[in-house]
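Chain residues, written in single-letter form:
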Amino acid sequence: KQSTRKAKKSSELANFSQQRYWRVLRDVYAHALAVGARLDNPALDLPSTPSIQVGSRKSQVMPPFVLQTLRDGHQLRDLVPQGRVAWLVARDRAAIALLAACGITASELGGLRGADLRGLSDSGRRQATLPGQPRSSVKLDVAGRTLDVPSSAVQLLQDWLDLRQHVLDKQRQEAVRLARRSRTEPAPAALTREQQQPLFLSRETKDGAHAGLDPVSLYKIVQRCLRRAYGRPEIVGMLRPDSYTAAGPAIIRNTVIKYWIDTLGGGTAAALAGLNELPDFA
């Protein structure tokens, strides 16, 4: 089926993307020239060739009010609406909430295991629902550092963990069923303890078990959410008409780091982000 998606205008491309595409075209034409398929390289005949501008070398951040929107559980539910598969919706909401709360990278999020999120065990969730019981603090262990998970993200994480439990139960049941049918042992990966399974499960399975959420899928999840956010009338009215803002997990992380710098200082921000050197923000 032929795609009906309109091509992007060059003015809408990020500076890095413009240069990357030009370099690909330059090298393709250079190869054609070398083998005698062309007599010239039109990529070198442009009035000016794309180069990385000073402003593009700086890390982009979202406007602060967009980060506030992502940290609001009610608004995030609207930005990631209900779909046909309930557990995927809950996963996407929880993943974005954790990115906006803790400023971790896409690869860090994909590598998380159930044991890395502490304070939201089954018993902890039951205690939190009892009258007069204080909510236990929630911690995230990632890449050698421990982060406090703000209360704004806790409920969405609870919703996801409840559905994640059902997905993993179904995974184990299916592995046992297939093993009985084939008279073999169940796939070990499918029977791994819940705490050692990926915290954020991919739709795809490998060796009978759900893999961790990969960076490409996470990028698409965040991109859809941010497009809805930037399409809101109250947000559109606060943006410059000619502004370009990236729409992946990295810009959420950058914005969180910038918020930490402004509120906690550079040293604390670097420690929370797991960095030795803070980025230069646009």
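Residues numbered from 1 in each chain as written. Predicted model: local features only at pLDDT ≥ 70, side-chain atom pairs only at ≥ 80, totals over all residues. Heavy atoms only, no water.

Caption draft 1: Spatial organisation of the overall build of the chain. Across its full length, the chain holds 12 helices and five strands. Put simply, the chain has 282 residues, and 36% of those count as buried. Counting contacts in the chain only where the partners sit at least 6 residues apart, residues at least 24 apart contribute 63% of the total. A total of about 16,900 Å² of accessible surface is found on the chain, and carbon and sulfur atoms cover 52% of it. (Helix = DSSP H or I, 4+ residues; strand = E, 2+ residues; numbered from the N terminus. Buried < 20%, exposed > 50% of the residue type's maximum accessible area, 1.4 Å probe, protein only. Contact = heavy atoms within 4.5 Å. Areas by Shrake-Rupley, 256 points an atom, 1.4 Å probe, with all protein chains shown as cover.)

Caption draft 2: Broad picture of helix 4 (residues 86-102). For helix 4, built from 17 residues, the straight-helix expectation of 24 Å at 1.5 Å per residue is met to within 8% by its first-to-last C-alpha distance of 24 Å. Here helix 4 lies mainly inside the structure; 16 of its 17 residues are buried. Glycine 103 sits one or two positions beyond helix 4 and adopts a positive phi of about 60°. (Expected span 1.5 Å × (residues − 1).)

Caption draft 3: Representation of the packing of aromatic side chains in the model. Under the definition given, this model contains two aromatic pairs. Taking the centre distance of 6.1 Å and the plane angle of 25° together, the rings of tryptophan 87 and tryptophan 160 count as stacked. Of this pair, tryptophan 87 sits in helix 4 while tryptophan 160 sits in helix 7 (residues 151-182); the two residues are 73 residues apart in sequence, bridging distant segments of the chain. The pair tryptophan 87 / tryptophan 160 is uniform in exposure class, with both members buried. With centroids separated by 6.3 Å and ring planes inclined at 5°, the aromatic side chains of tryptophan 160 and phenylalanine 200 adopt a geometry described as stacked. Taken as a pair, tryptophan 160 in helix 7 and phenylalanine 200 in the loop between helix 8 (188-191) and strand 4 (201-206) lie far apart in primary sequence, 40 residues in all. When the ring centre of tyrosine 259 is taken as reference, the NZ or CZ atom of arginine 71 above it lies at 5.0 Å. (Phe/Tyr/Trp six-rings, centres within 6.5 Å; stacked < 30°, edge-to-face > 60°. Lys NZ or Arg CZ within 6 Å of the ring centre and 35° of its normal.)

Caption draft 4: Highlighting helix 12 (residues 266-273). Inspection of helix 12 places Ala269, Ala270 and Ala273 among the buried residues, and these make up the whole buried set. Within helix 12, the buried residues cover an arc of 100° as seen down the axis, which keeps them to one side. Those residues of helix 12 that are exposed and angled more than 90 degrees off the buried face are Gly267 and Ala271. Phi turns positive one or two residues past the end of helix 12, at glycine 274, with a value near 75°. (Arc of directions from axis to C-beta.)

Caption draft 5: Representation of the sheet that holds strand 1 (residues 117-118) within the structure. Spatially, the three strands line up as an open sheet ordered 1-2-3, and their pairing is antiparallel. Of all strands in the sheet, those bounded by a partner on one side alone are strand 1 and strand 3 (145-148). Bridging between strand 2 (residues 139-142) and strand 3 involves four bridges; their strand directions are antiparallel. Pairing of valine 142 across the sheet is with arginine 145, part of strand 3. (Pairing = 2+ DSSP bridges.)

Caption draft 6: Expanded view of the confidence of the model for the chain. This prediction gives the chain a mean pLDDT of 84; 81% of its residues lie at or above 70. Per-element averaging of pLDDT across the chain places helix 6 (residues 122-128) at the bottom with 44 and helix 4 at the top with 97. Low confidence marks residues 122-134, where pLDDT is under 50. Its contacts with residues over four positions away, or in another chain, come to eight contacts. (pLDDT = per-residue confidence, 0-100.)

Caption draft 7: Up close: the side chain of arginine 164. You can see arginine 164 is positioned in helix 7. Every residue in contact with arginine 164, bar those within four places of it in the chain, is listed here: Gly114, Glu194, Gln197, Pro198, Leu199 and Leu201.

Caption draft 8: Layout of the packing of helix 11 (residues 249-264) against helix 12. The contact between helix 11 and helix 12 brings their axes to 7 Å, and the two run at 145°. As helix 11 packs across helix 12, the resulting crossing turns out to be right-handed. Residues Arg253, Ile257, Trp260, Ile261 and Leu264 of helix 11 form the contact with helix 12, whose own contacting residues are Gly266, Thr268, Ala269, Leu272 and Ala273. Split by residue class, the contact of helix 11 with helix 12 holds seven nonpolar, two polar and one charged. (Axes fitted to C-alpha atoms, helices over the stretch in contact; angles between N-to-C directions. Left-handed = near helix turned anticlockwise from the far one by under 90°. Nonpolar A, V, L, I, M, F, W, Y, C, P; charged D, E, K, R; others polar.)

Caption draft 9: Quick look at the pattern of salt bridges. Under the criterion given, the structure shown has 12 salt bridges. Ionic pairing is found between aspartate 78 and arginine 232, a salt bridge with its closest N-O pair at 3.9 Å. Of this pair, aspartate 78 sits in helix 3 (residues 73-79) while arginine 232 sits in the loop between helix 9 (215-230) and helix 10 (233-236); the two residues are 154 residues apart in sequence, bridging distant segments of the chain. Relative accessible area serves as the criterion here: at 14%, arginine 232 is assigned to the buried category. Where glutamate 194 meets arginine 164, a salt bridge forms, and the shortest distance between an N and an O atom there is 3.3 Å. Linking glutamate 194 in the loop between helix 8 and strand 4 with arginine 164 in helix 7, this pair joins segments that are 30 residues apart in sequence. Relative accessible area serves as the criterion here: at 23%, glutamate 194 is assigned to the partly exposed category. (Salt bridge = Lys/Arg side-chain N within 4 Å of Asp/Glu carboxyl O.)

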